[in-house]
Amino acid sequence: MLNQFMSYLGSNVTPGSANNQLWALIYVFIIFAGVSLAVVAMNWFERKALAHFQIRLGPMRVGPHGLLQPIADAIKLMLKEDIIPQEADQFVFWIAPVIGLLAAFTVYTVIPFGPSQAVSDMNIGILFMLGVSSLGVLGIVVAGWASNSHYPLIGALRSSAQMVSYEIAMGMSVVSAVLMTSFNKDGTGTLSMIGIVRSQQDQGIWFLFKFFPLGLVAFVTFVIAMIAETNRAPFDMAEAESELTAGYHTEYSGLRWSLFMLSEYAAMIAVSSIAVTLWLGGWLRPFPNLLHAPAWDFIFSLFPGLTFLGLAAIAFIGVARMPAHFSFKIQRIGLAVFAALLGCMALLLLLLAVAGRSADSSIAARFREGIDYVYWFILKVALFMYLFIWLRATWPRYRFDQLMRIGWKVLLPITLGVLVLTAIVGVLAS
Amino acid sequence: MNSAFFPALQLALARPFIASNVSFLASLITPPNADMAPVATPFFFYLLSGLAVAGGVLVITRRNPVHCALALIVTLIAVANLYLMLYAPFVAGVQIIVYAGGIMVLFLFVIMLVNIERASKDRRFNRIWPAGLAAACALMALFVSAFVKGRTLFPDRMIKLPEISNTQEIANALYGEAGRMGQYTFTFEIASLLLLVAILGAVIMTKKRI
């Protein structure tokens, strides 16, 4: 076991490719914990950001600036009574959130946080992601049916119709990005997630900008389709609270309900990762080919540390602006400790960047490299997470017929056209 | 209605692995790679086959159609994993996308619109069970004969397709390499034409006036 543990260290392939089950399991745990933590953070950030969009303060009571609110929520949800309606189909009602959660978390096996920072690199990576994430709709449909109630059933029917429709536009825009990977010397593309990022590196351009504006159009259609896929505003017809109470999870409460929330947010991160991998260069930092001098490498490797430094600064400003009243004393100390922790993290990252700047084979350099890859990937995904909140705060909800019309009569023809044009331009250019 | 055509498409996809064209197969056989061995352990094979069979039995024994559909999904995913064990990741991915993700969602969609209370009390195909038994026996006989005579029907070498080039080999078989028509290009085009006709039929049926 120790041998298995040690033999992978310093490897530059994924644990799946290196056939190392132990490290694959470690990666699975890291990703599971990381995603769960990200969902908790996202929960807090969404409430705060939405509140600020609407000129409110949002959660302020539990912890400084409501920072401990997600923990309080989690405790509340765990302690809350878990009701299963009398007339519900007990077994299906029980298994529905589990299906959604499994589908949402299984796709993380192929998401490349770096060239070796993924559980496994599948030859059919992107197909696997699309296929497994489309299983998530089963959880929603089955949940709506098992509740044996009208609103959930209508919500589930809407949601399944919507997800099946937008899957097609989504798949078509993915195909045009996959097609772009094949415009190289030997004319063979790839479906592997790591291979797609590598081919963007080889071609020296993010697919977002390739064959401008074809890549951009495919990207925008994908983003619209992915918002509809995850049932988020302005396409949250499945849980339109003004019409359907809460849609498919009306009858759910307590821990089971929180599993639905967890899988929804996990699915959001997963589809954002697809968009980042296909169009935004995955783990690549900006301009990896143009600015490839060691000095530039060093400057870009400072970014993770600087980000944490910025967060620490924001937290310190929060400490300074805290009211002087004595009842805020504990909150002030808590926020100061949090800011100090962020600052320590920033110092650690900056130290690592300095220590690993020159020697290419030293442990510090490899560690620094890995952190850079994961940092750039997570930064890009975080931008998408903000986009989700931003759209939710700005756009009114679509009507169901409008939603269907956009899916079938606008997005599908556009993506088909982009696919054909990409093929033509690609053949002409090579 | 699409489901009738997908098995044909899928068979076309799977043909490169079971084709009797030995020279074609020989070109695909690579030297056994030690790294690839542990995936196909007997434990996983029996686990997945057991899941598939259990799901299949539940599909025909459960009274509630939604339970049947869920059991069918279990079977389909287990079969997809069996494809993965055969080093055919593309077929596995397509199996999940088309069957588990697409067709089964539509199945569930339709089942929900049916009055399940009544449907579950209806007498089912009890009167034609002798015919079903005969068909099952015939299929079983076919499988047994294929198992017994397998040595002559199938190549005796185990195909070790490199996992990396699996998708590419399927593409070559379906669409052909540069400047050459693939082995199954014509069949594939006919299958897609049939699908197109089926789609047109469905669209026309839903139109009130044409």
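Values in this document were obtained by computation on a predicted structure and should not be read as measured data. (Residues numbered from 1 in each chain as written. Chains lettered and ligands numbered in written order. Predicted model: local features only at pLDDT ≥ 70, side-chain atom pairs only at ≥ 80, totals over all residues.)

Things to note about the overall build of chain A
Definition in use: Where helices and strands are cited, they refer to DSSP runs of H or I of at least four residues and of E of at least two residues respectively, numbered from the N terminus. For this measure, only C-alpha atoms enter the radius of gyration; the expected value for a globule follows 2.2 Å times N^0.38, where N is the number of residues. Partly exposed residues are those whose C-beta has more than 12 but fewer than 20 other C-beta atoms within 10 Å; 20 or more makes a residue buried and 12 or fewer makes it exposed, with C-beta atoms placed from the backbone. Two residues form a contact once the distance between their C-beta atoms, set from the backbone, is within 7 Å.
When its secondary structure is counted, chain A shows 16 helices and zero strands. Relative to the 2.2 N^0.38 estimate, which gives 22 Å for 430 residues, the radius of gyration of chain A is 23 Å and therefore close to what a compact globule would have. Dimensions along the principal axes, computed over C-alpha positions, put chain A at roughly 65 × 65 × 50 Å. Counting across all 430 residues of chain A, residues that qualify as buried make up 45%. A separation of at least 24 residues holds for 75% of the contacts in chain A among residues at least 6 apart in sequence.

A few points about the domain arrangement of chain A
Where interface size is given, it is often the accessible area lost as the parts come together that is meant. Residues and elements named next belong to chain A. Worth spelling out the cut-off: Start and end points for every domain follow an automatic or database-based domain assignment. Each residue is assigned to one class: nonpolar for Ala, Val, Leu, Ile, Met, Phe, Trp, Tyr, Cys and Pro, charged for Asp, Glu, Lys and Arg, and polar for all the others, Gly among them.
Domain annotation of chain A identifies domain 1 (20-284 + 377-429) and domain 2 (296-376). Here the C-alpha centroids of domain 1 and domain 2 sit 29 Å apart. Across the contact, 14 residues belong to domain 1 and 10 residues belong to domain 2. Of the residues that constitute the side of domain 1 that touches domain 2, the class distribution is nine nonpolar, four polar and one charged.

Considerations on the interface of chain A and chain B
Listed per partner, the contact involves 23 residues of chain A and 22 residues of chain B. When residues in the side of chain A that touches chain B are grouped by element, the largest group, six residues, is from helix α5 (residues 125-134) of chain A.

Considerations on the environment of B:Leu193
Among the secondary structure elements, B:Leu193 is positioned in helix α10 (residues 185-206). In this structure the C-alpha to C-alpha distance between B:Leu193 and B:Arg127, which are 66 residues apart in sequence, comes to 38 Å.

A word on the packing of α5(A) against helix α5 (residues 89-113) of chain B
When two helices pack together, their arrangement is given by the angle between the helix axes and by the axis-to-axis distance. In plain terms, the rule: What counts as an axis is a line fitted to C-alpha atoms, over the stretch in contact for a helix, and the angles between N-to-C directions run from 0 to 180 degrees. For classification purposes, angles smaller than 35 degrees are called roughly parallel, those larger than 145 roughly antiparallel, those between 65 and 115 roughly perpendicular, and all remaining angles oblique. Crossing chirality is assigned from the near helix's rotation relative to the far helix, an anticlockwise turn below a right angle marking it left-handed and a clockwise turn marking it right-handed.
At a minimum axis distance of 9 Å, the contact between α5(A) and α5(B) shows a crossing angle of 25°. Classified by the interaxial angle, the pair formed by α5(A) and α5(B) is roughly parallel. As α5(A) runs across α5(B), the sense of the crossing is left-handed. Judged by residue contacts, A:Leu127, A:Phe128, A:Leu130, A:Gly131, A:Val132 and A:Ser134 of α5(A) engage B:Gly93, B:Ile96, B:Ile97 and B:Gly101 from α5(B). Within the contact of α5(A) with α5(B), the residues separate by chemical class into six nonpolar, four polar and no charged.

Overview of the packing of α5(A) against helix α7 (residues 150-180) of chain A
Residue and element names in this part refer to chain A. Contact geometry for α5 and α7: axes closest at 11 Å, N-to-C directions at 170°. Of the possible angle classes, the one that applies to α5 and α7 is roughly antiparallel. Contacts between α5 and α7 involve Ile126, Leu130 and Ser134 from the former and Glu167, Gly171, Val174 and Val178 from the latter. Broken down by class, the residue content of the contact of α5 with α7 amounts to four nonpolar, two polar and one charged.

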